[in-house]
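Spelled out from the first residue to the last, the chains are:
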Amino acid sequence: MQIIRRFRFIFLAALTLAIAVMVANCGGSPETTTSTPADEAAAPAATGALVYGAGGQPVNLNPGNITDGNSIVAQTQIYDRLVGTEPGTTELAPGLAEDWSASDDSLTWTFNLREGVKFHDGTDFNAEAVVFNVNRWWDPEFEYGYRAEGNLYEIWTDLFGGFKGDEASTITDVRAADEYTVEFELAQPFAAFPAAIASGYFGIASPTAIQEAGANYGTPSGTAVGTGPFVFEEWRSGDRITFSKYADYWDEGMPKVEQLVISFVEDPAARLAQLRAGTLDFTVDLTPDQLPEIESDPNLEALYRPSFNVGYLALNPAYEPLAKPEVRQAIAQAINKAAIVDAFWGDLGETDPHFTPPSLKEFQSEGIEDYKYDPEAAKQALAEAGYPDGFPLDLWYMPVSRPYFPNPKPIAEAFAAELSQIGIQVNLQTKDWGAYLEDRNTPPGFQSFMLGWTGDYGDPDNFLYAHFGPGATQDLGDYQDPEMFDLLNKARVASETSEREALYQELDQLLHDKALRIPIVHSQPLLAKRTSIEGWEPSPLGSEAFTTIEKS
Amino acid sequence: MGRYILGRLLQLVPVLLGISLLVFAFLHLIPGDPAVTMLGDRATPDQVEVLRERMGLNEPLPLQYLAFLGNLLRFDLGTSIFTGVPIIEEIRLRWPATFELSVLSMLIALVLGIPIGVIAAVRKNSIVDNVAMSGSLLGVSMPVYWLGLLLIYLFAVNLQWLPPSGRIGVDVGYSFKPITGFFVFDALIQGDFKALSNILSHLLLPALTLSTIPLAILARITRSAMLEVLSQDYIRTARAKGVLEFWVIAKHALKNAMLPVITIVGLEFGTLLGGAILTETIFSWPGIGKWIYEGILLRDYPVVQGGVIFVAVVFVLVNLLVDISYAFLDPRIQYK
């Protein structure tokens, strides 16, 4: 009795354990072994393979059929583009094409391809392969585009006006002039064409692999075959993609690691924890408040990706008080941009008077001085414009976080506080993201709103035409300005770089004076790596091939 | 019995219909055009139109619902707008990860929760009881997200005993070839014990995190059920007959206290099997929960829709099983 009394709780525990196992077995589990993890299961230090922590899994590995950053990063490892960029800049560099040039009328672009390059499946890279890839993106009738199965290639129309047969299509023909020469015919001159085709969306894939895989190409259960530094091995949905080094890569000596793993970790806090634990070697898109933690860990190092975005405050001239440029300028003057950027971004953001990011400096007018923060002068200007008592203003802030506006609401509140000083009664507004995007384009649109843009390719056209060009001013009450349109169109077709620079500089000044979309910030995404990683040079364009990275 | 099960299965029809209607309504009645929301800040009206057409958003709402329902009946949950992968296929790929995690979490919760509850009941109002009950209150109310990160920092970053996340390590992952997708099972049948220990070590932290809530609830329910049973006349009779206290508790009391406990086990297990969005996200666990989270991030409507329906159906089915199991546990319950 005494003995039993003493041990009764042990008996009880044993009994309930037995019940537990029985109940669990009823659930039909095939592996209800007593799962007491062994001590030897210590944190596996990832030896050898280079492990990158992505903010999510790619949408697909099908070039041209993506718009998101995670897909571009993964595709950049597998595919080369016709034109590449110099590491850490937006400057164009040879890719699969060794050089390129435009005809005198700027309507024909000729790309001379690298010879002797092979796809990972052993097939030859040549002009026919390029034409095949371009036709997938451009020609809705092309047999191997698999549009009926859901491929949209919407980014193509973003960058090149439209698909084959559309009136707005930038290109009218693509052909293989000989085995290693590709020619594009354009409907009108487009000076940024090589930069646009160099954007991360347009990797060149093996036509043979695409034909064999069909609509399955680039999905987790399919294949992905390019000429790039890494060979695609396996994609475990929701988990990781594994790659191995492409031994015959044309850029000799690259890549420097044998194996690459892209691990999908959506949560920034989890990414940083994994980096600190050593199961990730390098990662991206951390939040500004994680910077102190990175800096406190001696095994980690913080990096900034050069900015290639803009967060702006749009002032819609369709709203009567904002129709006068003086009023818009007064608003620009009343907002203390430097203080706001310092408060919300710290080292991760900078403010300047240009709509284009700093990496496109040669296209900016050096002479512009930003509106000096001066609420008194702003109030004065407002009075002279006929609004001595200010006016009510709806200011819309985004309901979601974006790199250019990580927390829109408090930023909007800061704007509102500044504007109230000059008598403008700000009414903060927001709505569901889809409705927000849609309604700003529905006349009369929002009176003022926050939004931003991350560039696709290293040319000011991608920033300026997309926001101030004909058809791009719907959210500014369909604002028409012949002078602005004229400059944009001229810069678009000019063939000489110096001429384009001059035109864009002139436009830069004009946009500053108009104060339609006031550039608030160019933010730098926060990245981090372990100190054992060397040779990572982040590109402003948001992705880079991990060829030069070494792991010790 | 057979008739009862059939009846219960038939009752599922209106329940599932209700779920499908709710899921459909949530996604279509929230403000903003799904196509615009999905394509984001750079979509042109043409692209939006193409996507609207593809998603069938141009049809009248009732027709859209009927089409959706028709597909549902054929187990066609559609395909992800972004990846083009059929929803059913994605569930097949992701569910084994969620299943393994759920089973281990439930085991931890049962093995710890029931004894804690029993002890607390037997030693009512003792220190043991107070500690157990306040501990379980903490377990129920602790945010999973926070607890998960805490465990990662303690065991993976500082002590380096366990891996912080994922299902399998990078190196082991290269050589390990899954067959069924149930990694523990796959490693066992291949006799790959190196992989097995690696997989189990990856399971432990998320399972612990996930088990806290069911554990705490189980402990509390077991305690209150035991207290009620222990005050019954037949317990007094048993004691009066001179039955050992151990057998009074283990046989007479515990078995009869199990009924409400089983109900909770079913509810909790059903919830777990549907995937835990926060835990799976924190631990990069490639299961159903993380998949739904990915779908929400991308605003991939078919994924969110399919995911929610799957979760609901699993929940309903597990609870059906629980109801049926009552008959075995309590002979007084008769099914007609």
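Residues numbered from 1 in each chain as written. Chains lettered and ligands numbered in written order. Predicted model: local features only at pLDDT ≥ 70, side-chain atom pairs only at ≥ 80, totals over all residues. Heavy atoms only, no water.

Caption draft 1: Seen up close, the side chain of Lys337(A). Tracing the sequence through the fold places Lys337(A) in helix H10 (residues 337–344). Those residues in contact with Lys337(A) that sit more than four places away from it in its chain are Thr351(A), Asp352(A), Pro353(A), Asp370(A), Ile518(A), Pro519(A) and Ile520(A). (Helix = DSSP H or I, 4+ residues; strand = E, 2+ residues; numbered from the N terminus. Contact = heavy atoms within 4.5 Å.)

Caption draft 2: Structural detail: the sheet that holds strand S13 (residues 309–315) of chain A. All names here are of chain A. With respect to topology, 6 strands assemble into an open sheet ordered S14-S18-S13-S17-S15-S16, the strand pairing being mixed. Because the sheet does not close on itself, it has two edges, and the strands there are strand S14 (349–350) and strand S16 (425–429). Two elements, strand S15 (residues 392–396) and S16, share 5 bridges in a ladder whose sense is parallel. The partner of leucine 395 across the bridge, within S16, is leucine 428. Each of S14 and strand S18 (517–523) touches H10; the most contacted strand, S18, lies at about 35 degrees to it. (Pairing = 2+ DSSP bridges. Axes fitted to C-alpha atoms, helices over the stretch in contact; angles between N-to-C directions.)

Caption draft 3: Structural view of the environment of Glu295(A). Relative to the helices and strands, Glu295(A) resides in helix H8 (residues 291–296). Sequence separation between Glu295(A) and Ala195(A) is 100 residues; the distance between their C-alpha atoms is 36 Å.

Caption draft 4: Region of interest: the confidence of the model for chain B. Mean pLDDT for chain B: 86, with 97% of residues reaching 70 or above. Across the whole predicted complex the pTM is 0.84, and at the interface the ipTM reaches 0.82. (pLDDT = per-residue confidence, 0-100.)

Caption draft 5: The arrangement of the pairing of strand S4 (residues 97–102) of chain A in detail. Residue and element names in this part refer to chain A. Sheet analysis places S4 next to strand S5 (residues 108–113), joined by 5 bridges and oriented antiparallel. Each residue of the ladder has a partner; that of tryptophan 100, found in S5, is phenylalanine 111. Remark: 5 residues form the turn of the hairpin made by S4 and S5, two consecutive strands paired antiparallel; serine 106 in that turn has positive phi of roughly 65 degrees.

Caption draft 6: Molecular detail of the interface of chain A and chain B. Counting from both sides, the interface comprises 82 residues of chain A and, opposite them, 83 residues of chain B. Summing the contributions of chain A and of chain B, the shared interface buries around 6600 Å²; its carbon and sulfur component is 65%. Linking chain A with chain B are 1 salt bridge. Between Glu266(A) and Lys290(B) there is a salt bridge, with its nearest N and O atoms 3.4 Å apart. Taken together, the links from chain A to chain B amount to 14 residue pairs in polar contact (both at pLDDT 80 or more). Contributions of two or more residues to the side of chain A that touches chain B are made by helix H1 (2–26), helix H4 (154–160), strand S8 (230–236), strand S9 (240–245), strand S10 (259–264), helix H7 (268–277), helix H13 (433–439) and strand S17 (448–454) of chain A. Sort the elements by how many residues they give to the side of chain A that touches chain B and H1(A) lands first, with 12 residues. In terms of residue class, the side of chain A that touches chain B is made up of 43 nonpolar, 21 polar and 18 charged. (Buried area = accessible area lost by both parts, 1.4 Å probe. Salt bridge = Lys/Arg side-chain N within 4 Å of Asp/Glu carboxyl O. Polar contact = N/O pair within 3.5 Å; in protein donor to acceptor, adjacent residues only side chain to side chain. Nonpolar A, V, L, I, M, F, W, Y, C, P; charged D, E, K, R; others polar.)

Caption draft 7: Fine view of a nonpolar patch on the surface. Residue and element names in this part refer to chain B. A cluster of nonpolar residues, Ile179, Leu188, Ile189 and Phe193, forms a patch on the protein surface that exposes about 400 Å² of accessible area. Relative to the helices and strands, isoleucine 179 is located in the loop between helix H8 (170–175) and helix H9 (183–189). Since its relative accessible area comes to 57%, isoleucine 179 is described here as exposed. (Patch = residues over 30% accessible without salt bridge, like charges linked within 9 Å, V, L, I, M, F, W, Y side chains within 5 Å. Areas by Shrake-Rupley, 256 points an atom, 1.4 Å probe, with all protein chains shown as cover. Buried < 20%, exposed > 50% of the residue type's maximum accessible area, 1.4 Å probe, protein only.)

Caption draft 8: Quick peek at unusual backbone geometry. All names here are of chain A. Backbone torsion omega between methionine 254 and proline 255 reads -15 degrees, so that peptide bond is classified as cis. You can see proline 255 is positioned in the loop between S9 and S10. Across the junction of proline 443 and proline 444, the peptide omega takes the value 0 degrees, indicating a cis bond. Looking at the element boundaries, proline 444 is found in the loop between H13 and S17. Although it is not a glycine, serine 106 adopts a positive phi angle of roughly 65 degrees. Turning to its location among the elements, serine 106 is positioned in the loop between S4 and S5. Judged by its relative accessible area of 9%, serine 106 is buried. In this structure, tyrosine 146 is a non-glycine residue whose phi angle is positive, near 50 degrees. When you line up the elements, tyrosine 146 lands in the loop between helix H3 (127–138) and H4.

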